[in-house]
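Fold and contact review
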Amino acid sequence: MEAVSRLLLIRSAHRDDPSLSDIPILLPANAPAFARRWIELLLPDFRIESKDADEDIIVGQLMVPNWGKGYIYSDRVQNELNSLAAPYRTEGGPVRRIFVERRVQSYRVLANADALRDIASGYGFEAVSPEKLSLEEQIALFADARYIVGEFSSAMHNALFSPAGCRIMALNYITECQSRIGNFRQQSVGYILPAEGPINYDPNIPGERHFTIDPALFEKKLKLMLGIA
């Protein structure tokens, strides 16, 4: 959410001044592989220089784009997102309904995720695991989504690539991030909370915390989301 928006700002600035690609992008040598892939996708004209954390660097020019504050972004980011997503969208408008699965180890586990997925499947939702897709496939998936449902997670934040008017249902609530994305991208965002309230990270609670979402309530809200009486 922070890094990609910075890359999009550089992408926008590069359109105004192509000479910016003469400035290399410094990347820590221990950066995760996906960081390099994002740079190569969004800024193909720039070269990347990997540096060890303890390596001395003499800098002549340094550009550090500001990603925003509180997940509030520049209009330049908006324009770049629209440009990036446009080639992936279905002619006539996005149509996909996706149920975002979360299969990563974490402090929180949605215990009845499979049951909720099966309910959503009955309403035309396809189950997807974004972490198994390439970056381009993830952009294409969310760019063509009209409805998105899933556990609150970074995978759901891919709605950044979804169009205005997309409707989103997040299961659980952790931060304001999803709502900020919705406000920025003109999307409708709603939440269903576990009976015990939001499940957030608490260092004082060891191990996994299992929670459930009421299936009947989920189906009721799903119908409301889809405009089904």
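The present account deals with the structure reproduced in this document. Numbering of residues begins from 1 in every chain and follows the order in which that chain's sequence is written. This being a predicted model, a pLDDT of at least 70 is required before a residue's local features are given, and a value of 80 or more before pairs of side-chain atoms are given or counted; all residues contribute to the totals for chains, interfaces and linings. The side-chain values count all of the structure's non-hydrogen atoms but skip hydrogen atoms and water molecules.

1. Details of the overall build of the protein chain
Counting from the N terminus, the helices are DSSP H or I runs at least four residues long and the strands are E runs at least two residues long. Helix and strand counts for the protein chain stand at 7 helices and 9 strands. Split into buried and exposed, the 229 residues of the protein chain put 41% on the buried side. When checking whether two residues touch, look at their non-hydrogen atoms; a contact exists if any pair is within 4.5 Å. Counted over contacts in the protein chain with a minimum sequence separation of 6, partners at least 24 positions apart contribute 64%. Of the roughly 12,300 Å² of accessible surface on the protein chain, 50% is carried by carbon and sulfur atoms. In this tally, Lys and Arg are treated as positive and Asp and Glu as negative; His is ignored, and so are the chain termini. Where a charge sits is defined by one atom per residue type, namely NZ (Lys), CZ (Arg), CG (Asp) or CD (Glu). The distance from the centre of the 25 positive side-chain charges to the centre of the 29 negative ones in the protein chain is 7 Å. Accessibility here uses a 1.4 Å probe with only protein chains present; expressed as a share of the type maximum, an area under 20% marks a residue as buried, one over 50% as exposed, and anything in between as partly exposed. Only the protein chains shown count as cover for residues, and all accessible areas are computed by the Shrake-Rupley method using a 1.4 Å probe.

2. A short note on helix α6 (residues 177-185)
Looking only at α6, the buried set comprises C177, Q178, I181, G182, F184 and R185. Take α6 and look down its axis: the buried residues cluster within an arc of 165°, on one side only. Packing partners of the buried residues in α6 comprise α3 (75-85), β7 (167-171) and β8 (188-192). The reported arc concerns the directions from the helix axis to the C-beta atoms and nothing else.

3. Focus: the packing of aromatic side chains
A pair of Phe, Tyr and Trp rings is counted when the ring centres sit within 6.5 Å of each other, with Trp represented by its six-membered ring. The angle between the planes then sorts it: under 30 degrees is stacked, over 60 is edge-to-face, the rest tilted. Counted by the stated rule, this structure contains 6 aromatic pairs. Ring centres 6.1 Å apart and planes at 15° place the aromatic pair W38 and F161 in the stacked group. One end of the pair, W38, is in helix α2 (residues 33-42); the other, F161, is in the loop between β6 (145-151) and β7, and 123 residues separate them in sequence. Its relative accessible area of 12% is what places W38 among the buried residues.

4. Points about the pattern of salt bridges
Put simply, a salt bridge is a Lys or Arg side-chain nitrogen that is within 4 Å of an Asp or Glu carboxyl oxygen. Across all of its chains, the model carries 12 salt bridges by this definition. As a salt-bridge pair, E49 and R47 come within 3.4 Å of each other at their nearest N and O atoms. Salt-bridge contacts for R117 lead to E101; the nearest nitrogen and oxygen are separated by 3.3 Å. Taken together, the residues span a long stretch of sequence, with R117 in helix α4 (residues 113-121) and E101 in the loop between β3 (96-100) and β4 (108-110) at a distance of 16 residues. Overall, R117 belongs to the partly exposed group, its relative accessible area being 23%. E101 sits in the buried class, given a relative accessible area of 13%. Each of R47, E49, K51 and E55 takes part in one network of salt bridges that share partners.

5. Focus on unusual backbone geometry
Even without being glycine, N172 reaches a positive phi, approximately 90°. For N172, a relative accessible area of 0% puts it in the buried group. The backbone phi angle of Q186 is positive, close to 60°, even though this residue is not glycine. Relative to the helices and strands, Q186 is located in the loop between α6 and β8. Overall, Q186 belongs to the exposed group, its relative accessible area being 58%.

6. Regarding α4
A turn of α-helix holds 3.6 residues, and therefore any two residues three or four places apart point the same way. By the burial criterion, the buried members of α4 are A113, L116, I119 and A120. Looking straight down α4, one finds that the buried residues subtend no more than 120° of arc, so they occupy a single side. Considering only its buried residues, α4 is in contact with β3, β4, β7 and α7 (215-226).

7. Describing empty space enclosed by the protein
Whether a set of points on the 1 Å grid over the protein atoms alone is a cavity depends on a 1.4 Å probe fitting there but being unable to get out, while an open set qualifies as a pocket with protein on both sides within 12 Å along at least five of seven lines; lining residues are those with an atom within 4 Å of a point. Grid points are joined across faces, edges and corners, and a volume is the space filled by probe spheres set on the points. If you walk through the whole model with that rule in mind, you get 1 cavity of 30 Å³ or more. There is about 60 Å³ of room inside the largest cavity. For the largest cavity, the full set of lining residues is F99, V100, E101, R102, R103, L110, A113, G150, E151 and L171. Mapped onto the lining of the largest cavity, the elements with two or more residues apiece are β3 and β6. Ten residue types, Ala, Val, Leu, Ile, Met, Phe, Trp, Tyr, Cys and Pro, are classed as nonpolar, four, Asp, Glu, Lys and Arg, as charged, and the remainder, Gly among them, as polar. Of the residues contributing to the lining of the largest cavity, the split by class is 5 nonpolar, 1 polar and 4 charged.

8. Digging into the nonpolar core
Counting residues in hydrophobic clusters, the biggest one holds 41 residues, and the most contacted among them are W38, L42, I98, V100 and I148. The dominant element in this core, judged by the number of residues it contributes, is helix α1 (residues 3-16), at 5 residues. Discounting chain neighbours no more than four positions away, the residues touching W38 are V4, L7, L43, L135, I139 and F161. One finds I119, Y147, I192 and L226 within the second-largest nonpolar core, a separate group that totals 20 residues. We define a nonpolar core as any set of buried Ala, Val, Leu, Ile, Met, Phe, Trp, Tyr and Cys residues linked to one another through side-chain atoms lying within 4.5 Å.

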